[in-house]
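Summary of the model geometry
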Amino acid sequence: MNGVVIVAAGTGSRMKMEINKQFIKLNEKEIIAYTIEKFYKHKNIQDIVVVIKEEEAEFFKENILKKYKFENIKIAYGGNERQDSVYNGLKLLDNKCDTVLIHDGARPFVSGYTIDKSIEEVKKHKAVVVGVRVKDTIKVINDKNDIIDTPDRSKLWAVQTPQTFDYNILLKSYEDAFENGFYGTDDAMLVERIGYKVKMVEGSYNNIKITTQEDINIGTQILKIQD
Ligand SMILES: Nc1ccn([C@@H]2O[C@H](COP(=O)(O)OP(=O)(O)OP(=O)(O)O)[C@@H](O)[C@H]2O)c(=O)n1
Ligand SMILES: C[C@](O)(CO)[C@H](O)COP(=O)(O)O
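Conventions adopted
- Residues numbered from 1 in each chain as written.
- Chains lettered and ligands numbered in written order.
- Predicted model: local features only at pLDDT ≥ 70, side-chain atom pairs only at ≥ 80, totals over all residues.
- Heavy atoms only, no water.
- UniProt positions renumbered as here; feature names shortened; annotations may be inferred.
- Buried < 20%, exposed > 50% of the residue type's maximum accessible area, 1.4 Å probe, protein only.
- Helix = DSSP H or I, 4+ residues; strand = E, 2+ residues; numbered from the N terminus.
- Pairing = 2+ DSSP bridges.
- Axes fitted to C-alpha atoms, helices over the stretch in contact; angles between N-to-C directions.
- Contact = heavy atoms within 4.5 Å.

Per an unreviewed UniProt entry, the chain is named 2-C-methyl-D-erythritol 4-phosphate cytidylyltransferase, and its organism is Romboutsia sedimentorum. On record in UniProt, under Sequence similarities (unreviewed entry), the comment for the chain is "Belongs to the IspD/TarI cytidylyltransferase family. IspD subfamily." UniProt annotates the chain under Catalytic activity (unreviewed entry) with the comment "2-C-methyl-D-erythritol 4-phosphate + CTP + H(+) = 4-CDP-2-C-methyl-D-erythritol + diphosphate".

Shown next, in the form of structure tokens:
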């Protein structure tokens, strides 16, 4: 059984807008509605948990779940960090879920193909993330903005979500991380940390995370391609 935890409980501080970025509309439809729909209509996803801010629960139920007729969606409340939100969502998944996808609510352009590929690959590798090859040269700098390293670009990928795991492995990695006070910026870091290999699966450059206001226009252009 495949379950997805969609995390949408962030503050969207880099967006610098009053409204939570998950509820920003692209072509009259909220970002989070696009994201949920990708998994809701996917034939191979049987359980969906959406993690939202507790204070947005009534708005979310009325303006997203009811409006778009998303049924049987479970709601968990977010925490201070993305990792806390993911963990709160994990705990609500059906205990028959043996595979879990963790996905950012702010990534509405994920494709059905990427979801399929992640579910297929995790059967072999137990832990997979989607990503794309970095196009720019990446520099490492010190606190004085001096460039101290230029990693080999051929080995650099920009990682996205979904990040897909054997449920028990991910739960174990989360429990270990919290026991040791470790916080990562993605879920794979927690699994890598306890010694599991995580496989990279090539995703799409369209699978952007809506983070700053520039991403809204980019997103509107992507919608035209995906329509
Ligand atoms: N405590 C948090 C932080 C983030 N997220 C979610 O994790 C995803 C990726 O995080 P990010 O894009 O950084 O969202 P924010 O943390 O809201 O943005 P910012 O860092 O600009 O405040 C988003 O869908 C966000 O809603 C979450 O559920 N709970
Ligand atoms: C999980 C992630 O989307 C992979 O690129 C990214 O690390 C989330 O970072 P954020 O700062 O929580 O947006």
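Let us now look at the pairing of strand S6 (residues 99-104). As a general feature of sheets, a regular strand has side chains that alternate between the two faces. Burial runs high along S6: 6 of the 6 residues are buried. Taking every second residue as pointing to the same face, both faces of S6 are buried, with Thr 99, Leu 101 and His 103 on one and Val 100, Ile 102 and Asp 104 on the other. Of the pairings in the sheet, the one linking strand S1 (residues 2-8) to S6 comprises 6 bridges and is parallel in character. If you follow Ile 6 over to S6, its bridge partner there is His 103. Here S6 runs beside strand S10 (residues 157-166); their pairing, made up of 4 bridges, is antiparallel.

Judged by pairing direction, the sheet is mixed, and its 7 strands sit side by side in the order S5-S4-S1-S6-S10-S7-S11 without closing on themselves. Of all strands in the sheet, those bounded by a partner on one side alone are strand S5 (73-77) and strand S11 (199-202). The average undirected angle you get between the axes of adjacent strands in this sheet is 30 degrees. Packing of helix H1 (residues 31-40) onto the sheet brings it into contact with S1, strand S4 (47-52), S5 and S6, and relative to S1 it is tilted by some 175 degrees. Packed on one face of the sheet, helix H4 (residues 112-125) meets S1, S6, strand S7 (127-133), S10 and S11 and runs near 130 degrees to S7.

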